[in-house]
Amino acid sequence: MTAHLSYYVDSIRDNLRLDPSEEREVIAELETHIEDRLRELREVGLSEEEAANRCVGLLGSAKVVARQIYEAH
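Chemist: What am I meant to see in the overall build of the protein chain here?
Modeler: Each helix and strand counted, the protein chain has 4 helices and 0 strands in total. The helix and strand sequence of the protein chain, counted from the amino end, reads α-α-α-α. The C-alpha atoms of the protein chain give a radius of gyration of 12 Å, which matches the 11 Å a tight globule of 73 residues would have. Projected onto its principal axes, the C-alpha coordinates of the protein chain cover approximately 40 × 20 × 20 Å. A buried classification covers 33% of the 73 residues belonging to the protein chain. Both charge centroids of the protein chain, one from 9 positive and one from 16 negative side chains, sit 4 Å from each other.

Chemist: Where do I start with helix α2 (residues 20–43) in this structure?
Modeler: The α-helix advances 3.6 residues per turn, and as a result positions three or four apart in sequence lie on the same side. For α2, with 24 residues, the first-to-last C-alpha span of 34 Å sits near the 34 Å given by 1.5 Å per residue. E23, V26, I27, L30, I34, L38 and L41 are the residues of α2 that are buried. Those residues of α2 that are buried are in contact with α1 (3–15), α3 (48–59) and α4 (62–72). Just past α2, the residue G45 takes up positive phi, approximately 110°.

Chemist: I tried to follow the pattern of salt bridges on my own but got confused; where do I start?
Modeler: Taken as a whole, this structure holds 5 salt bridges when the rule is applied. Where D36 meets R39, a salt bridge forms, and the shortest distance between an N and an O atom there is 2.8 Å. In this pair, D36 and R39 are both assigned in helix α2, 3 residues apart and thus about one turn of the helix distant. Residue E40 is joined to R37 by a salt bridge in which the shortest nitrogen-to-oxygen separation is 3.1 Å. One end of the pair, E40, and the other, R37, are both in helix α2, 3 residues apart, so they sit about a helical turn from each other.

Each value, and the rule that gives it
Residue numbers restart at each chain and count upward from 1, following the sequence in its written direction. For a predicted model such as this one, the threshold for reporting local features is a pLDDT of at least 70, and the threshold for listing and counting side-chain atom pairs is 80 or more; totals across whole chains, interfaces and linings nevertheless cover every residue. Only hydrogens and water are set aside when side-chain values are computed; all heavy atoms of the structure are taken into account. By definition, any uninterrupted DSSP run of H or I lasting at least four residues is a helix, any uninterrupted run of E lasting at least two residues is a strand, and each is numbered from the N terminus. What the globule rule says is 2.2 Å times the number of residues to the power 0.38, and the radius of gyration is computed from C-alpha atoms. For the exposure calls, accessible area comes from a 1.4 Å probe over protein chains only, and a residue counts as buried if that area is under 20% of its type's maximum, exposed if over 50%, partly exposed in between. Counted as positive: Lys and Arg. Counted as negative: Asp and Glu. His and the chain ends are not counted at all. To locate a charge, take atom NZ for lysine, CZ for arginine, CG for aspartate or CD for glutamate. To estimate the expected span of a helix, subtract one from its residue number and multiply by 1.5 Å. Should any heavy atoms of two residues lie within 4.5 Å, those residues are counted as being in contact. By salt bridge we mean one thing: a side-chain nitrogen of Lys or Arg within 4 Å of a carboxyl oxygen of Asp or Glu.

See below:
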């Protein structure tokens, strides 16, 4: 995972208000989803940086993602 994506995931983590065990589970699932998407984007010819930027763009604001995750839990 690129530094940009790591920062993005950290921003989501910082905005989550879940208990630690739930948070670890959610972040692990999110990281898996991001890695899968990165692999798909690289397979169609995007560079690592382009794929990372596309992932962040597809997911949207870290605060909004964190709020949606919190609401789902």
